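Notes for the structure review
Spelled out, the chains give:
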Amino acid sequence: MKWDTNGESADVEILGSVQVWCEKIPPFTLVPTTVLQKASSVVLGAAVKTIQRIFINQLMQDYEKWATDPEYREERKRKGEQILAESTCDATVALSQTTT
């Protein structure tokens with residue numbers, strides 16, 4: 001994800017990729033691999049674009065609320081600190097378990 005600011009406006013660019021491996025089973029063995037790959041790419045591409053569009057819309061809504069609501073900013077800060085503390089503890093526990 002890339003966030004560019006240009007004066008008062010901001011642009012967000014998202015790049016994503018999906019890699020899929022599958023085994024051709026009958027009756028798909030009769031279809032050329034390139035046809036299956038192209039059809040799969042179209043379907044997966046549409047799914048990824050839909051997910052990205054939903055993500056960007058939710059990100060914009062969250063940012064708008066965060067930018068205008070000090071209580072929400074404080075709440076998000078507390079949650080972020082809590083997540084960071086929990087992830088640090090989890091990493092320490094996992095590390096101590098692997099070294100003993």
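Everything below is about the structure printed above this text.
Scoring rules and cut-offs
- Residues numbered from 1 in each chain as written.
- Predicted model: local features only at pLDDT ≥ 70, side-chain atom pairs only at ≥ 80, totals over all residues.
- Heavy atoms only, no water.
- Phe/Tyr/Trp six-rings, centres within 6.5 Å; stacked < 30°, edge-to-face > 60°.
- Lys NZ or Arg CZ within 6 Å of the ring centre and 35° of its normal.
- Helix = DSSP H or I, 4+ residues; strand = E, 2+ residues; numbered from the N terminus.
- Contact = heavy atoms within 4.5 Å.
- Salt bridge = Lys/Arg side-chain N within 4 Å of Asp/Glu carboxyl O.
- Buried < 20%, exposed > 50% of the residue type's maximum accessible area, 1.4 Å probe, protein only.

**Thoughts on the packing of aromatic side chains**
Using the criterion set out here, one finds 1 aromatic pair in the structure. One Lys or Arg, R73, reaches over the ring of W66 and ends 5.7 Å from the middle of that ring.

**Quick word on the side chain of Q52**
Here Q52 is to be found in helix α1 (residues 33-68). Those residues in contact with Q52, other than ones at most four positions away along the chain, are I14, L15 and G16.

**Looking at the pattern of salt bridges**
For side chains bearing opposite charge, pairing can occur when the charged atoms are close. Considering all chains together, one arrives at 1 salt bridge under this definition. A salt bridge links E75 to K79; the shortest N-O distance between them is 3.3 Å. Of this pair, E75 and K79 both sit in helix α2 (residues 70-99), 4 residues apart, roughly one helical turn. Judged by its relative accessible area of 38%, K79 falls in the partly exposed class.

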